[in-house]
Structure formats: structure tokens, C-alpha cells
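The primary structure of each chain is shown beneath.
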Amino acid sequence: FDNDEMFNYGRLVIYLGLLFSNLEKAISYGDGDRESLCLKLTIPIFRRMGRTKYAQSMVRRVVMIKSVLSEADSYEYRHNTTIGLGVGPGKRKSATTIWSC
């Protein structure tokens, strides 16, 4: 299968389609762990495409989650969602802050 370019291209298209579909679902469902995994898998894709700023952003996110933040802060960073309380800047609040009241 190494020299079958058509097969490899088809496999790559399916892989990327499923990866980005999975990422979209993880974001819409607020699944921070699955989102982090998908973003980690996009790092080599962005680097190969020459999108180094995107790759650096993903690496920064992984480093923050795995080593810089405490366990509680890492959980908050991965699972944080915001709720719009009005229109305009500064009107969004963390859902965890609102629910804990």
C-alpha cells in the first residue's frame, strides 16, 4: 500500500474529515478532553502546511494543560465555557462561576 497514491490520498481525506468533524463535535458539546486530543493531533498537520502560528498555539495549549497549570486550573481551562449575559464586550461570564453561585 505504500506506493498506492490514490489509496493514500483517499485515506488522508477521510482521516482529516473525521478529525475535524470530531473536533467540531467536541467544541459544540464542551468536551474539553476530546477537544485537547483533537487539537494535539492537528499540530503536525499545521506544521506541515506551513501554518506555524496555529501549530504554536496548539503546542502552547497542550503545555499549559499538561505542565504549567495546576490540576484544578487545567480542568477549568479545558472545560471552561462562557455564557453571554448581554451584548458587548465584557458581558460574557464563565459558566462555572455562574453555576457555583
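Position numbers for residues start from 1 in each chain and track the written sequence from start to end. Local features in a predicted model are, by the rule used here, given only for residues with pLDDT of at least 70; side-chain atom pairs are given and counted only at 80 or more, and totals for whole chains, interfaces and linings are based on all residues. Think of the side-chain values as coming from all heavy atoms in the structure, minus any hydrogens and water.

Draft legend 1. Quick peek at the overall build of the protein chain. Secondary structure elements follow DSSP: runs of H or I no shorter than four residues count as helices, runs of E no shorter than two count as strands, and numbering proceeds from the N terminus. Counting secondary structure elements, the protein chain contains 5 helices and 2 strands. Each helix and strand of the protein chain, ordered N terminal to C terminal, gives the series α-α-α-α-β-β-α. Exposure categories follow from relative accessible area, calculated using a 1.4 Å probe and restricted to protein chains: below 20% of the type maximum is buried, above 50% is exposed, and the middle band is partly exposed. Counting over 101 residues, the protein chain shows a buried share of 21%. Throughout, a contact is declared for two residues whenever any of their heavy atoms are within 4.5 Å. Long-range contacts, defined as pairs at least 24 residues apart, comprise 19% of the intrachain contacts of the protein chain with a sequence gap of at least 6. As displayed, the protein chain offers around 8100 Å² of accessible surface, 58% of which is attributable to carbon and sulfur atoms. For every accessible area listed, the method is Shrake-Rupley and the probe measures 1.4 Å; residues are considered covered only by the protein chains on display.

Draft legend 2. Region of interest: helix H4 (residues 71-79). All of the buried residues in H4 are Ser74, Arg78 and His79. Taken end-on, H4 shows its buried residues confined to a sector of 110 degrees, consistent with a single buried face. Where H4 is buried, its residues contact helix H2 (32-48) and helix H3 (52-68). By definition, the arc is the one covered by directions from the helix axis to the C-beta atoms.

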